[in-house]
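Each chain is listed here by its residues.
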Amino acid sequence: MNSIISVKDMCLWYGDHQALKNLNVEIPEKSITALIGPSGCGKSTFLKTLNRMNDLIPGVRITGDIRYKGADIFDKEVDVSNLRKEIGMVFQNPNPFPMSIYNNVAYGPRTHGITNKVQLDEIVERALRDAAIWDEVKDRLKKNALGISGGQQQRLCIARALAVQPTVLLMDEPTSALDPISTSRIEELILELKEKYTIVIVTHNMQQAVRVSDYTAFFLLGELVEFGRTEDIFSQPMDKRTEDYITGRFG
Amino acid sequence: MVITNKKSYIKQTTDYNTKLQKKLWYKGSKAQRLEHIVHGIFLLLGLITVGCVLLITIYLFISGIPAILKIGIVDFLFGKEWASTAAEPKYGILPFILTSIYGTAGAVAIGVPVGFMTSVYLSKYASPKVKSAMQSAVGLLAGIPSVVYGLVGMLVLVPGIRKIFNVPDGAGLLAAIIVLAIMILPSIIKMSVTALDAVPKEYEHASLALGATPTETYFRVSVPAAKSGIAAAVVLGVGRAIGEAMAVMMVAGNVPNMPDSLFQSVRFLTTAVSSEMAYSNGLQRQALFSIALVLFLFIMLINAALNFFLKGEGSKSN
């Protein structure tokens, strides 16, 4: 496996509270990595560190080394905007902008300087097709995005993230606010996206981790307890704590 | 307590509960009556406001319409000359109407960009410390009496304009516009900041996660999301500017000229009423009421616009 993001000895503090302790992990390219663990274990915090969304939280301090394609993401020379263009993100709650479906998807490309209408149309259509929502919205691209269902909104948000052509897609519990049918559509979509993108997904749902992921990282109390192939983690975990968690003894 | 007879115990408790209920809530109970009385008092107090508005409206229409009819609505609204004390009096209020419109438009043209940018800064860029300090300054600006604005305008602005532009008298439309622009800043800033603060953080995070810079995010996501609140802030500023009397009276020169140039001495709708009321009589006095009526109609229009924008804000969040 080729790793695209490598994390070495990473620690993170919120003020005095240490939220992540000495993480070491290699995120494999063009595969799906699931981050699991009980609430408050630090998996979402870790995810948001990868595209530096944690910069927005006052009082966060990070030590250690995170490299994306070999480059230190905390280097002073790094343009955070470019990093986030490369490493896109889908949030827990669908958060389309209060504008038309088209403008939602075109927002990213426009931000990165694409103004040609024909080119934008192409990008929007491709992104919506890749996010498996094109057929449902193609006749109402000019309608406000807040008018579609929650599941559609989340796929729209995925399309919006894809439209800037990222390499990595971070997903923070993307289905936790959705009904089972929307959830399974998104899961199918995630599996399709694996062809082109590296996906890191935080999930509370262990069945989901089993269904979609190739690799699983188990977090507990800010530590990365175990990382490995999903079938190994769920069939023969090395660590007693992992076993306890996946068999439902806590969490 | 030893319960010897279960049935009678249950009956007793039920009786007690029913009595309690009756005492507290049944119609005609003391608590219920008190509730009605309190309700009535609050309703009465609320009606005082409504009553005042109704009374003023009716009074203005009754006292304002006769002069308009006597002078003729076209001559009154579009007459270019106001000479209420001349041997052959003329009652054309076009100079006042235009002055009020130009003055307000000028104040908005200066005050809105400054106020808007200030609110974006306060809501999005400023550190909590700076924000709190600047917001108290803005609050203070709102609390300064308009006569003080007028005084400072008279002592600083008017001579300044005379020197800078080399005109015989600095008191005029430009001075009034600048004073009004400053006076409407607090309402614009306060309301815009509230609207911008209310934009969900999720929108901004989504934009940042797409690789937009903070500035792009604020102007392309946050501001559009807050646009009806900001529009309402602008309308509020317009209302404040058009209704202001004291400060503009002190700096505008207060002569009923057509506002032909920025340095012309002019009189606003508000000051037209206040400057002649003390010595007016007859038709002149009635005409002043008519001016007040026109001003009132302007304000009503602005209020309607404000309600329209605020309603837009409300329906969007649903």
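Thresholds, definitions, all that
Residues numbered from 1 in each chain as written. Chains lettered and ligands numbered in written order. Predicted model: local features only at pLDDT ≥ 70, side-chain atom pairs only at ≥ 80, totals over all residues. Heavy atoms only, no water. Domains from an automatic or database assignment. Contact = heavy atoms within 4.5 Å. Buried area = accessible area lost by both parts, 1.4 Å probe. Polar contact = N/O pair within 3.5 Å; in protein donor to acceptor, adjacent residues only side chain to side chain. Phe/Tyr/Trp six-rings, centres within 6.5 Å; stacked < 30°, edge-to-face > 60°. Helix = DSSP H or I, 4+ residues; strand = E, 2+ residues; numbered from the N terminus. Buried < 20%, exposed > 50% of the residue type's maximum accessible area, 1.4 Å probe, protein only. Lys NZ or Arg CZ within 6 Å of the ring centre and 35° of its normal. 1 Å grid on protein atoms, 1.4 Å probe; cavity = no way out; pocket = protein on both sides within 12 Å on 5 of 7 lines; lining within 4 Å. Points joined across faces, edges and corners; volume = space filled by probe spheres on them. Nonpolar A, V, L, I, M, F, W, Y, C, P; charged D, E, K, R; others polar.

### Some remarks on the domain arrangement of chain B
Residues and elements named next belong to chain B. Assigned domains of chain B: these are domain 1 (2-71) and domain 2 (75-317). Tallying the contact residues gives twelve residues for domain 1 and twelve residues for domain 2. At the boundary of domain 1 with domain 2, total buried surface from both sides reaches about 1,100 Å², with 79% on carbon and sulfur atoms. Our count for the domain 1 to domain 2 interface comes out at two residue pairs in polar contact (both at pLDDT 80 or more).

### What to know about the packing of aromatic side chains
Throughout the structure, instances matching the rule amount to eleven aromatic pairs over all chains. Here Tyr 215 of chain A and Phe 227 of chain A contribute two aromatic rings whose centre-to-centre distance is 6.0 Å and whose plane-to-plane angle is 10°, an arrangement assigned as stacked. Of the two residues, Tyr 215 of chain A is situated in strand E9 (residues 215-220) and Phe 227 of chain A in strand E10 (residues 223-229); the sequence distance between them amounts to twelve residues. Classification of Tyr 215 of chain A by relative accessible area gives buried; the value is 10%. Through pairs of rings, three or more aromatic residues link up here, namely Trp 82, Tyr 91 and Phe 96 of chain B. When the ring centre of Trp 13 of chain A is taken as reference, the NZ or CZ atom of Arg 61 of chain A above it lies at 4.4 Å. The lysine or arginine in question, Arg 220 of chain B, covers the ring of Tyr 107 of chain A, its NZ or CZ lying 4.4 Å from the ring centre.

### Digging into the layout of surface pockets
By volume, the largest pocket amounts to about 500 Å³. Around the largest pocket, the lining comprises 19 residues; the ones closest to its centre are Leu 56 of chain A together with Lys 124, Lys 201, Glu 204 and Tyr 218 of chain B. Counting only elements with at least two residues in the lining of the largest pocket, the list comes to helix H2 (80-86) of chain A together with helix H4 (94-125), helix H5 (128-143), helix H8 (201-209) and helix H9 (214-225) of chain B. Ranked by the residues each element gives to the lining of the largest pocket, the list is headed by H8 of chain B, at four residues. Of the residues belonging to the lining of the largest pocket, the class tally is nine nonpolar, five polar and five charged.

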